[in-house]
Structure formats: C-alpha cells, structure tokens
Amino acid sequence: MGNEIRQDVLAERVYEDIKAMVMDHGIAPGARVGIDALARRLDVSATPVREALARLESDGLVVKRPNAGYRATDLLDPDGLRDLFEMRLLLEPKAASLAAENADGADLQRLRDIVERMRSHPETGESYAVYHRFALLDQEFHDTLAASAGRPLLADAVNRLHSHLHLFRLTSAPGAAGTTIEEHERILDAVARRNPEQAAEAMTTHLRSSRVRHRTGTPRQDEKQGRARP
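Residues numbered from 1 in each chain as written. Predicted model: local features only at pLDDT ≥ 70, side-chain atom pairs only at ≥ 80, totals over all residues. Heavy atoms only, no water.

A.B. asks: I'm lost on helix α8 (residues 176–192) in this one. Help?
C.D. replies: Because the α-helix completes a turn every 3.6 residues, residues three or four places apart line up on one side. Taking 1.5 Å of rise per residue, 17 residues should cover 24 Å, and α8 covers 24 Å from first to last C-alpha, within 8% of that figure. Taken as a whole, α8 has its buried residues at A176, A177, T180, I181, E183, H184, I187, L188, A190 and V191. Following α8 by one or two positions, R194 adopts a phi angle in the positive range, close to 60°. (Helix = DSSP H or I, 4+ residues; strand = E, 2+ residues; numbered from the N terminus. Expected span 1.5 Å × (residues − 1). Buried < 20%, exposed > 50% of the residue type's maximum accessible area, 1.4 Å probe, protein only.)

What follows is the structure in structure tokens.
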C-alpha cells in the first residue's frame, strides 16, 4: 500500500512538472517532447513520464504522432478565443438558470466551499506554478454549477469547453482573483435565491468580463514566442 501511494505521488508530481513546462513555454508550442530527455531532467524513470504525457494528451496540451512521439500543441489564436467564449455564452448562462431551478442543498454547499477555497488561493500572475490552483478552482466552480443544472449533456459540453482553455496557455491577469470571486458570488447568490433570470445574467456578465481578462493575457504570450501581434 505504501509503495502504491508513493508511486501515485510521484506520478502526480511528474504530471504537474511537465504541465508547468508546457504552460510556461519551457516546452515551446509545437516542440517535440522527448520522454527520455524529460525523465533525465526530472530524475525519474520513463514510466511516470509516459503516464503524464498520456494525461496531458487528454488535456489537449500535447499530441501523439504515429511513430514520432509527442509534441506540444500549438497555441490557438485570438479568433479561437472568441469562438470559445461565444460557445460558453451560449451554454453557461443556461446552465446557471437551470441550476437555480434544480440545485439541491448539497450542490449549493459544494459551490460555497469552492468559493471559500478560492479565497485561500488568490494568487495570480505570470507563472503557472503561481496561478494554477486558483485556475483549477475556477474551473471546478463552473463545472459543479453546470452539473447541478440537472442536464448531463449540458454539463459535459461545459466541461469540454473549459478543457480547451488550456490551449491558450494564458497567464492569470494580475488582480483578477478578487473580481472573479465577486462574480462567482453573485452567480451563487442568484442560484441560492432560485432566480433563474438573475443567475443567467450574472453568468453572462462574468463570462464577458473573463473574456476581456483573457485578452489582456495574449500579448504576453505572443512576446514569449518572439512574435509581434498584428
């Protein structure tokens, strides 16, 4: 049992280490990802590296090419960001509205707990190591809210859209944590008061603000790649 736990801890550490390299462009977009080189760099065997890359492929952060190994995915462009948020604006206000009708007490408590945990991890900034805990809680809030809507297909669609945000490798905008928490609280308040219209409106406002915050991150990513924005 103890050995299994140690292996799980090692696998998680290797996954997070490689993910941080991809997110922070330690592994450049489109670059080959060598299993043996990563194993040497992290001082581990090839097995946890392979397991990590399989998880990262599921995340959409690396792709496996036939007979050519893995490479980091390319960045999506601003048009892709626009399309993604347009889809979120179609789906998530509806999910919030349905959550106001269908969420039970356990759902509401889970959402409150997530917001409280976000307060414990308010760090935002340039490095994935700094902002990833807050970003994960942000995604968990949206996914939990969608799950409480009582529409499994809708919840699955919302979850898949969130996974695509990784493809932008965006930094967390400085000072965004407090605003994000306040916006989540307004959504949660409307859901708890069983007000579908206000829940949808609060979610729409939040997504539009989030889209602007994500746009502020894209110039820094372009600079990291040595490209000027048009």
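Structure shown, so let's carry the discussion forward.
A.B. asks: Got a minute to help me understand the confidence of the model for the protein chain in this structure?
C.D. replies: Atomic detail in the predicted coordinates should be set aside for any region of low pLDDT. Predicted confidence across the protein chain gives a mean pLDDT of 85, with 83% of residues reaching 70 or more. Per-residue pLDDT stays below 50 along residues 217–230; that stretch engages in 25 contacts with residues further than four places along the chain or on separate chains. (pLDDT = per-residue confidence, 0-100. Contact = heavy atoms within 4.5 Å.)

A.B. asks: What is the right way to read the packing of aromatic side chains from this model?
C.D. replies: The full count for this structure, using the stated rule, is zero aromatic pairs. In this arrangement the basic side chain of R55 is found over the ring face of Y15, its NZ or CZ atom lying 3.6 Å from the centre. (Phe/Tyr/Trp six-rings, centres within 6.5 Å; stacked < 30°, edge-to-face > 60°. Lys NZ or Arg CZ within 6 Å of the ring centre and 35° of its normal.)

A.B. asks: What should I look at first to understand the pattern of salt bridges in this one?
C.D. replies: If the charged atoms of two oppositely charged side chains come close together, the side chains can form a pair. In total, this model carries twelve salt bridges according to the counting rule given. One salt bridge connects D83 with R82, and the closest N-O pair in it is separated by 3.0 Å. Taking the shortest distance from any N to any O, the salt bridge between R110 and D107 comes out at 2.4 Å. Taken as a pair, R110 and D107 lie in helix α5 (residues 105–120) at a separation of three residues, close to a single helical turn. Note on D107: relative accessible area 10%, which makes it buried. Among the charged side chains, a salt-bridge network with shared partners connects D79, R82 and D83. (Salt bridge = Lys/Arg side-chain N within 4 Å of Asp/Glu carboxyl O.)

A.B. asks: Explain the nonpolar core here, please?
C.D. replies: Side chains of a nonpolar character, in soluble globular proteins, are inclined to be buried together. Judged by nonpolar contacts, the single largest core of 25 residues is most densely connected at I18, I27, V49 and L53. Only α1 (2–23), α2 (35–42), α3 (46–59), β3 (69–72) and α6 (128–147) provide two or more residues apiece to this core. Broken down by element, the residue count for this core peaks at seven residues, all from α1. When near neighbours in sequence (up to four residues on either side) are disregarded, V49 contacts V14, I18, I35, L38, A39 and V44. Formed by 24 residues, the second largest nonpolar core is a distinct cluster that contains A100, M118, F134 and A202. (Core = buried A, V, L, I, M, F, W, Y, C linked by side-chain atoms within 4.5 Å.)

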